[in-house]
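# Understanding the architecture of this molecule
One-letter residues, chain by chain:
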Amino acid sequence: MSTLSLFDNIPSGVEQEIADLRKQLQHHNYRYYALDDPQITDAEYDRMMQRLRELEAQYPDTVTPDSPTQRVGAAPLSAFQTVIHEMPMLSLDNAFDDEELLAFNQRILDRLKISGDIEYACELKLDGIAVSLLYRDGVLVRGATRGDGTNGEDITQNVRTINSIPLRLMGNGFPTVLEVRGEIYMPKAGFNALNEKARAANEKLFVNPRNAAAGALRQLDSKITASRPLEMCAYSIGWVEGGQLPDTHSGVLASLKTWGFLTNRETEVANNIQQAMKFYRRIGDKRDQLPYDIDGIVFKVNSRKLQEDLGFISRAPRWAIAYKFPAQEESTILLDVEFQVGRTGVITPVAKLKPIFVGGVTVSNATLHNNDQILKLGICYNDTVVVKRAGDVIPKVVAVLTHNGGDKVVYPKECPCCNNELKKEIKIKRLKTKSNVVENAAIYCSAGFECRDQLTQALAHFVSRDAMNIDGLGEKILVQLVDVGLVKSPADIYELKKEHLIGLDGFAEKSAQNCIDAINSTKKVSLSKFIYSLGIPEVGQETAKRLSDELGCIENIIGLKPELLTYVTDVGSEVSMQIYEFFSNSDNRKMVDDLLKVLDVQQSNVIGSKFKLAPTLANFIVKLSIPGVAAETAKAIAKKFSLNDLFFISSFELSSLKTAKGVKISTRAVLGVLEFFEDLENREYVESLENDLKLMGAHWDQVRIDEENREIGSLEGKVFVITGSFPEFKSRGELKSLIEAQGGKVSGSLSGATSYLVIGDGGGGKRNDAEKLGVPSITLEELKKLIDRI
Ligand code: IVH
């Protein structure tokens, strides 16, 4: 039987397949972009799209403008056409405090001559660009900017590229002609990624997500728009013909959602203005955690009948208001730049600004980060600049608006504190490959504790609450102690006598004694606090704790090569270099030695099992930063060869290797490995790394968990219950992470779903229960064998 086809020469089966694919793709596009709840993987989606593209290429007559393949397709424009809005696009009145909001509510009551509660739809005021989308018979026919409210620009080609804008409406019940209005915006994550790319390509950065979104929509070539991460959130309707809409604004939003639009998920209906105020505060509290920028809350009278009764005044509706949050960006004048010396010697430029109210506080200082940022901004004294303060973060200068004739800001050549010549940091990692040379933007003073500012900053960190927590040694006192020469390094604090303090500003007999007591009471200190107190760049409390737990004592950390430091949880290559360099510096070593003499640091020479189990030959190879050799290639190499084999390997042996996916390893990787191991210095260094691991009992041959074994011995899909104690591990948590690292799960209670009960010391009690459930009981040794499959 043959079905009637709309097209000649197209098999009806194909026509049906095309229709089905479009429907499916539209549905999954909606799940993904509007509901944020995908039902299929990206790969499945891509396959469907690919199939549709193939069919459309084969039968070009079937292509319609609303096909999901047609999001980018049009040729670049020479200019945007003007659009006259069927209904003007209005703006909103603003309220800046509760009083103004209550006055708005009162105006409504007065005008309607009613009393009582008004129901409001509460929406986020997204910080983007307003857009109008016109649908005829459910098909998107025009997209336009707001322009001056009466005339906008036709940006149809550009809006078509935005995935959260339906090209064809879903479901039914929509009016024949429907104009949907909403905001096009760029989520913060997309904005950051875009700027990251621009930074890497040395291109001009976007000031904020709103400007980036506006710039993307202004493109005459829609391919550029398509490459920018934009979203559209629908918040109202404009012109409507041939159809009925719900009685409430919230109902309209619900309809828009069913027709395929993204509507904001935070939207709520408040029974009265007091509830609306609560909504404003609740959202205000989480403003910085939202994935997009908002600048206020929009309250709209929910009843559309009341909206009509209230009408408009000049350019804004009487039934809606925008209750603004404090602006997070403002412009002001750059008065001066102060170059401050931090505890590590890094010089930070601090902008001195004409005071400005931004992000809820008055700001007169903001960071300019580093020399790169100064060069990028091309900033001059007296410039009009944009300052940003979001949440509790330090305010920063993010852009220059106008130059006003001042001189260029340049870094000093000498340390503003000690006049020592400043240096630019260039780091060369230990292994000799090109990728191992890192140029850092930081400019620093290398005088160490000879530089007064560095010393006082380091001391202030050392005594601070999360570090040694010495009460009573504020910055003013530290400065005095430094200036009179009593304290030249942190250890000197522990040599202070009461008499020394009595002579200083702010000390009497009693307070001096209290201070000495406070100092002495901190002598016994945990290793993690001690590490944190040292003020190693990039080493916060979390990292200090990891280092302490996994390496046991300071001796094991000092001198540990950076590549091996990265075997500590969450220590990446940048942090490991900082730690290594810190301890390579003789002044720092002396500071640590002196402190160890006066303090009682709680440590033991036991390397944690987590560290011991971390190295595998494959991940060791990755750490060598050989060009072209990432995880998959390293696994393939480790599967076939030992480390020693690599010292004498041939290109023939290497190029025949295949990764687990059956792909040959790249020529770049082959050359990379050969070149790397040809270098005698690299070979010696690798040998020394391997030796260190052996000495620490962390070599893969001893624990036998290389990637290969991990695959066979994987605990993937297995559920373990742990009982009893395991002296080999510092805590149950450590054993748990070992199991999880191998892909297993740990559950708190025995059930039929349990794969094994792991019994430690004194934990036999559960054995019977396990037996009844048919769950095998194993010892720690047996667990290790499960992992190792020795
Ligand atoms: S309603 C007649 N709702 O704010 C009502 N506007 O200052 C007109 N905006 O141009 C707009 N989020 O670009 C409305 N949930 C929201 C909004 C919103 C952002 C923008 C929109 C408008 C401007 C008005």
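In this text the structure is predicted, and so the values were computed from the model without any measurement.

With that settled, the discussion passes to the pairing of strand β5 (residues 139–145). The element β5 is extensively covered by neighbouring structure, given that six of its seven residues are classed as buried. Note: strand β4 (residues 129–136) against β5, six bridges, orientation antiparallel. Bridging across to β5, arginine 136 finds its partner in valine 139. Connecting β4 to the next strand, β5, in antiparallel fashion are two residues, including aspartate 137 with a positive phi near 50 degrees.

Our next topic: the sheet that holds β5. Judged by pairing direction, the sheet is antiparallel, and its four strands sit side by side in the order β5-β4-β7-β8 without closing on themselves. Two strands bound the open sheet, and with one partner strand each, they are β5 and β8 (231–241). Between one strand axis and the next, the sheet turns by 25 degrees as a mean value, whatever way the strands run. By the bridge criterion, eight bridges tie β4 to strand β7 (residues 177–185) in an arrangement that is antiparallel. Counterpart to tyrosine 135 in the pairing with β7 is leucine 178. Here helix α6 (residues 209–217) sits on the sheet and contacts β4 and β7; the angle it forms with β4, its principal contact strand, is near 40 degrees.

Let us look at the pattern of salt bridges. According to the stated counting rule, one finds 27 salt bridges in the structure shown. For the salt bridge of arginine 142 with glutamate 86, the shortest nitrogen-to-oxygen distance reads 3.2 Å. With arginine 142 in strand β5 and glutamate 86 in the loop between β1 (82–84) and β2 (93–95), this pair connects stretches of sequence that are 56 residues apart. Given a relative accessible area of 11%, arginine 142 falls into the buried group. Among the salt bridges present, the one from lysine 498 reaches glutamate 509, with a minimum N-O distance of 2.7 Å. Of this pair, lysine 498 sits in helix α14 (residues 498–502) while glutamate 509 sits in helix α15 (residues 509–520); the two residues are eleven residues apart in sequence, bridging distant segments of the chain. Through salt bridges that share partners, Glu17, Arg51 and Glu54 make up one connected network.

Next up on the list: the site of the ligand. Around the ligand, a shell composed of Leu90, Leu92, Glu123, Leu124, Lys125, Leu126, Ala130, Glu183, Tyr235, Val298, Lys300 and Pro317 is seen. Glutamate 123 is positioned such that a nitrogen or oxygen atom in its side chain is 2.7 Å from a nitrogen atom of the ligand. Within the backbone of leucine 124, an N or O atom sits 3.2 Å from a nitrogen atom of the ligand. Look at the ligand: alone it shows 520 Å² of surface, and the protein chains cover 86% of it. Those elements that place two or more of their residues in the shell around the ligand are β3 (120–126) and β10 (294–301). Ranked by residue count, the leading element in the shell around the ligand is β3, at four residues. Considering only residue class, the shell around the ligand consists of eight nonpolar, no polar and four charged.

By size, the foremost hydrophobic cluster in this structure holds 91 residues, and its most contacted members are Leu473, Ile493, Phe530, Phe583, Phe620 and Phe677. Residue contributions to this core peak at six residues, all from helix α27 (residues 667–678). When residues no more than four places from it in sequence are discounted, the contact partners of phenylalanine 677 are Leu624, Ile626, Leu643, Leu646, Phe647, Arg683 and Val686.

The next subject is the confidence of the model for the chain. Averaged over all residues, the pLDDT of the chain is 90; the fraction at 70 or higher stands at 95%. The low-confidence segment residues 702–713, where pLDDT is below 50, has 38 contacts with residues more than four positions distant or belonging to other chains.

Counting buried residues in β7 gives nine out of nine residues, a clear majority hidden from the surface. Taken together, the eight bridges between β7 and β8 define a ladder with antiparallel strand orientation. If you follow glycine 182 over to β8, its bridge partner there is alanine 234.

Before going further, it helps to spend a moment on empty space enclosed by the protein. Taken as a whole, this structure holds one cavity of 30 Å³ or more when the rule is applied. The volume enclosed by the largest cavity comes to roughly 60 Å³. Glu123, Leu124, Leu126, Cys233, Ala234, Tyr235, Leu253, Thr263, Asn264 and Thr267 together form the lining of the largest cavity. Only β3 and β8 provide two or more residues apiece to the lining of the largest cavity.

All right, on to the sheet that holds β3 then. Strand order in the open sheet made by the five strands is β2-β13-β10-β3-β9, with mixed pairing throughout. In the strand order of this sheet, the two ends are held by β2 and β9 (268–270), each with one partner. Recorded for the sheet is a direction-independent mean angle of 35 degrees between the axes of neighbouring strands. Of the strand pairs in this sheet, β2 and strand β13 (residues 320–324) are connected by three bridges, and their pairing is parallel.

For the pair α27 and helix α28 (residues 680–695), the least separation of the axes is 5 Å and the interaxial angle reads 85 degrees. By the angle between their axes, α27 is roughly perpendicular relative to α28. Facing α27, whose interface residues are Phe676, Phe677 and Glu678, α28 presents Leu680, Asn682, Arg683 and Val686. Taken together, the residues that form the contact of α27 with α28 break down as four nonpolar, one polar and two charged.

Moving on to unusual backbone geometry. With a phi angle near 50 degrees, aspartate 137 is a residue other than glycine that sits in the positive phi range. With respect to the helices and strands, the residue aspartate 137 is situated in the loop between β4 and β5. Classification of aspartate 137 by relative accessible area gives exposed; the value is 55%. Positioned with a positive phi, histidine 369 is a non-glycine residue whose angle comes to about 65 degrees. With respect to the helices and strands, histidine 369 occurs in the loop between β16 (361–367) and α11 (371–377).

Cut-offs applied
- Residues numbered from 1 in each chain as written.
- Predicted model: local features only at pLDDT ≥ 70, side-chain atom pairs only at ≥ 80, totals over all residues.
- Heavy atoms only, no water.
- Buried < 20%, exposed > 50% of the residue type's maximum accessible area, 1.4 Å probe, protein only.
- Helix = DSSP H or I, 4+ residues; strand = E, 2+ residues; numbered from the N terminus.
- Pairing = 2+ DSSP bridges.
- Axes fitted to C-alpha atoms, helices over the stretch in contact; angles between N-to-C directions.
- Contact = heavy atoms within 4.5 Å.
- Salt bridge = Lys/Arg side-chain N within 4 Å of Asp/Glu carboxyl O.
- Near = heavy atom within 4 Å.
- Polar contact = N/O pair within 3.5 Å; in protein donor to acceptor, adjacent residues only side chain to side chain.
- Areas by Shrake-Rupley, 256 points an atom, 1.4 Å probe, with all protein chains shown as cover.
- Nonpolar A, V, L, I, M, F, W, Y, C, P; charged D, E, K, R; others polar.
- Core = buried A, V, L, I, M, F, W, Y, C linked by side-chain atoms within 4.5 Å.
- pLDDT = per-residue confidence, 0-100.
- 1 Å grid on protein atoms, 1.4 Å probe; cavity = no way out; pocket = protein on both sides within 12 Å on 5 of 7 lines; lining within 4 Å.
- Points joined across faces, edges and corners; volume = space filled by probe spheres on them.
- Parallel < 35°, antiparallel > 145°, perpendicular 65-115°, else oblique.

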